[in-house]
Amino acid sequence: MEQEDYFEVGGLQLRSRLLIGSSGYPSPQVMLEAVEASGSELLTVAIRRVNLGDMSGESLLGMLKSLPVHLLPNTAGCYTAREAVLLAELAREALETNLVKLEVIGDDETLMPDVEQLLQAARTLIDSGFTVMAYANDDPITCRKLADMGCAAVMPLASPIGSGMGLTNPYNLALIRELIPDVPLLVDAGIGTASDAAHAMELGYDGILLNTAVSQAKHPVQMATAMRYAVNAGRMAWLAGRIPRRRYAQASSPSEGRIEATPT
């Protein structure tokens, strides 16, 4: 792009529109290399899976804090608003940030958001001064409610967490973008490969948040690089403006001056 295309969320100005997770990698070293390859500047960390009291260089949290990225604590594994709020408060105290990725799931099978508990937790956290990035299902009404109550970003899923199924309902994702033009939207969960990320960005989303697609890839560092390029390509395509879809062919060359053979 000819000029810097910054992404702003929660008071942060980011060059990268790819947010990446920190769990499930084959080793800490692979995780560090994948984060670097992704170009991500905002890294999610599951509060339930780290020891907030251990900031040593050998701990996971210590390693993450040594990276030139911002940490985004998330409430993964919470089933109630009360649990999510408690984890967010612990993260704010330990990491000195008001930024939180809010997850409140309904069951262990689908890991789909529990809408009632999600909305309750979002309202409580916003009222308590948190900057909330809310993981939601691909329901336009729920997403609009989250945006209207003041979430810094709304993050509808592409498909269930860790499924790698890609965009199972691009119509709803496009509708959400149309209904919420002024609040940052990220596709979160279900991305399986680079083309999924590019497709989501081509719908006009502001960014992608993913984890499993990279951490569980056969070659995580290589996949992180692919995702970086895919997000950039999708963003550039959205800004460029695609041609309209047509039912029939339309010649790309002009018909004027065309040589025509006359019958003899």
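Structure first, text after, so check above.
Residues numbered from 1 in each chain as written. Predicted model: local features only at pLDDT ≥ 70, side-chain atom pairs only at ≥ 80, totals over all residues. Heavy atoms only, no water.

## Focus on the nonpolar core
Piece 1. In terms of nonpolar packing, the biggest core is built from 69 residues, with Ile191 and Ile208 touching the most fellow members.
Piece 2. For this core, the element with the most residues is helix H3 (residues 81-95), which contributes seven residues.
Piece 3. Those residues in contact with Ile208 that sit more than four places away from it in its chain are Arg17, Leu18, Leu19, Leu186, Val187, Ile191, Ala197, Ala200, Met201 and Val231.
Piece 4. Val9, Leu12, Leu99 and Leu209 belong to the second largest nonpolar core, which has 14 residues in total. (Core = buried A, V, L, I, M, F, W, Y, C linked by side-chain atoms within 4.5 Å. Buried < 20%, exposed > 50% of the residue type's maximum accessible area, 1.4 Å probe, protein only. Helix = DSSP H or I, 4+ residues; strand = E, 2+ residues; numbered from the N terminus. Contact = heavy atoms within 4.5 Å.)

## A few points about the environment of Met223
Piece 1. Within the secondary structure layout, Met223 lies in helix H9 (residues 220-240).
Piece 2. Taking the C-alpha atoms as reference points, Met223 and Ala213, separated by ten residues in sequence, lie 7.8 Å from one another.
Piece 3. What Met223 contacts, discounting residues up to four positions off in sequence, is Thr193, Ala213, Val214 and Ala217.

## Digging into the side chain of Asn172
Piece 1. As for its placement among the helices and strands, Asn172 is situated in helix H6 (residues 170-179).
Piece 2. Beyond its immediate sequence surroundings of up to four residues, Asn172 is in contact with Asp138 and Pro140.

## A few points about H6
Piece 1. Asn172, Leu173, Ile176 and Arg177 are the residues of H6 that are buried. The buried residues of H6 occupy an angular sector of 140° when projected down its axis, which confines them to one face. Among the exposed residues of H6, those oriented more than 90 degrees off its buried face are Tyr171 and Glu178.
Piece 2. Those residues of H6 hidden inside the fold are in contact with helix H5 (140-148), strand S8 (153-156) and strand S9 (186-188). (Arc of directions from axis to C-beta.)

## Examining the pairing of strand S4 (residues 42-46)
Piece 1. In terms of burial, S4 is a largely internal element, five of the five residues being buried.
Piece 2. Of the pairings in the sheet, the one linking strand S3 (residues 18-21) to S4 comprises two bridges and is parallel in character. By the bridge assignment, Gly21 is partnered in S4 with Thr44.
Piece 3. Considered for its hand, the β-α-β crossover made up of S3, helix H1 (residues 28-38) and S4 is right-handed.
Piece 4. As judged from the five bridges shared by S4 and strand S5 (residues 70-74), these two strands associate in the parallel manner. Bridge pairing in S5 links Leu42 to His70. (Pairing = 2+ DSSP bridges. Right-handed = clockwise from strand over helix to strand, strands pointing away.)

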